[in-house]
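Architecture and fold: a report
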Amino acid sequence: DTAVSQTPKYLVTQMGNDKSIKCEQNLGHDTMYWYKQDSKKFLKIMFSYNNKELIINETVPNRFSPKSPDKAHLNLHINSLELGDSAVYFCASSMDRFSSYEQYFGPGTRLTVT
Amino acid sequence: LAKTTQPISMDSYEGQEVNITCSHNNIATNDYITWYQQFPSQGPRFIIQGYKTKVTNEVASLFIPADRKSSTLSLPRVSLSDTAVYYCLVGDINFGNEKLTFGTGTRLTIIP
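None of the values given here were measured: they were computed from a predicted structure.

Below, the discussion takes up the overall build of chain A. Counting its regular elements, chain A contains 0 helices and 11 strands. Mapped from its N terminus to its C terminus, chain A presents α and β elements in the order β-β-β-β-β-β-β-β-β-β-β. Its C-alpha radius of gyration of 13 Å places chain A within 12% of the 13 Å reference for a compact globule of 114 residues. Seen through its principal axes, chain A has C-alpha atoms that stretch 40 × 30 × 25 Å. Relative to its 114 residues, chain A shows a buried fraction of 46%. Carbon and sulfur atoms make up 49% of the accessible area of chain A, which amounts to about 5700 Å² in all.

Rendered as structure tokens:
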């Protein structure tokens, strides 16, 4: 069983398009996260949700909008894609916000914007 | 947030014990030290966490001196499958400070 899953695994799209990445965790965790890992391999947090409530919102363009329909799902929607959005996006979860040191990461979604 | 410094890369032979040291001179009283491992094309994986002295689990040991200004991740008898990037993270896990801040990590290569 996959603990944290993401779809799609690969996403190739053109500039200006709108796309979504889905994330689901079956661990029963309360807290979920989105990270971006760029070509230099720096991993930076973007958002965090705790029980469907936004708790971390880093300096991210407002073209990025997370949505959490329930605590097991955290989707990432990106409007008007730009070349600089090309990266690997990781979803993660932790038992709760007090256990954020131990996060379980998904396999990543490699987004390529052409 | 405490800044961390790790070697960019390390090589080791199979079967050896590997020690990766992380410096965090301005660690705060509430900060914990956490290590993650990332294989190519995968998300990071939690390895171990500690506050002081020594912590050991089935994967690794973490040594933290009394002044807590550094920490050492020890991997016993490494194998080729331990080739990965290892991240040292320092942060306050108290309520309201949930961010994990990843640095550049140490790229460990195990040589047959």
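So, about the nonpolar core. Ile33, Trp35, Ile47, Leu73, Leu75 and Tyr86 of chain B are the most contacted members of the largest nonpolar core, which totals 20 residues. Only β2 (18-23), β3 (31-38), β4 (45-50), β6 (61-64), β7 (70-75), β8 (84-92) and β9 (106-111) of chain B provide two or more residues apiece to this core. With 4 residues, the top contributor of residues to this core is β8 of chain B. Listed in part, the 19 residues of the second largest apolar core include Leu11, Cys23, Ile78 and Leu111 of chain A.

Moving on: the interface of chain A and chain B. Contact residues are listed per partner, giving 21 residues for chain A and 20 residues for chain B. Here chain A meets chain B over a buried area of about 1800 Å², counting both sides, of which 59% is carbon and sulfur. It is Leu43, Arg97 and Tyr101 of chain A in chain A that bury the most area against chain B; as a group they hold 33% of the surface buried on that side. Joining chain A to chain B, the criterion identifies 0 salt bridges. The interface formed by chain A and chain B contains 4 residue pairs in polar contact (both at pLDDT 80 or more). Contributions of two or more residues to the side of chain A that touches chain B are made by β4 (31-37), β5 (43-50) and β6 (53-57) of chain A. Of the residues in the side of chain A that touches chain B, the class split is 12 nonpolar, 4 polar and 5 charged.

Moving on to unusual backbone geometry. Residues and elements named next belong to chain A. With omega at -5°, the peptide bond leading from Thr7 into Pro8 counts as cis. If you trace the backbone, Pro8 turns up in the loop between β1 (4-7) and β2 (10-13). With phi around 50°, Asn51 is a residue other than glycine that occupies positive phi space. Mapped onto the fold, Asn51 is located in the loop between β5 and β6. With a phi angle near 75°, Lys52 is a residue other than glycine that sits in the positive phi range. Locating Lys52 in the fold gives a position in the loop between β5 and β6. Note on Lys52: relative accessible area 47%, which makes it partly exposed.

The rules behind the values
Residues numbered from 1 in each chain as written. Chains lettered and ligands numbered in written order. Predicted model: local features only at pLDDT ≥ 70, side-chain atom pairs only at ≥ 80, totals over all residues. Heavy atoms only, no water. Helix = DSSP H or I, 4+ residues; strand = E, 2+ residues; numbered from the N terminus. Rg over C-alpha atoms; globule rule 2.2 N^0.38 Å. Buried < 20%, exposed > 50% of the residue type's maximum accessible area, 1.4 Å probe, protein only. Areas by Shrake-Rupley, 256 points an atom, 1.4 Å probe, with all protein chains shown as cover. Core = buried A, V, L, I, M, F, W, Y, C linked by side-chain atoms within 4.5 Å. Contact = heavy atoms within 4.5 Å. Buried area = accessible area lost by both parts, 1.4 Å probe. Salt bridge = Lys/Arg side-chain N within 4 Å of Asp/Glu carboxyl O. Polar contact = N/O pair within 3.5 Å; in protein donor to acceptor, adjacent residues only side chain to side chain. Nonpolar A, V, L, I, M, F, W, Y, C, P; charged D, E, K, R; others polar.

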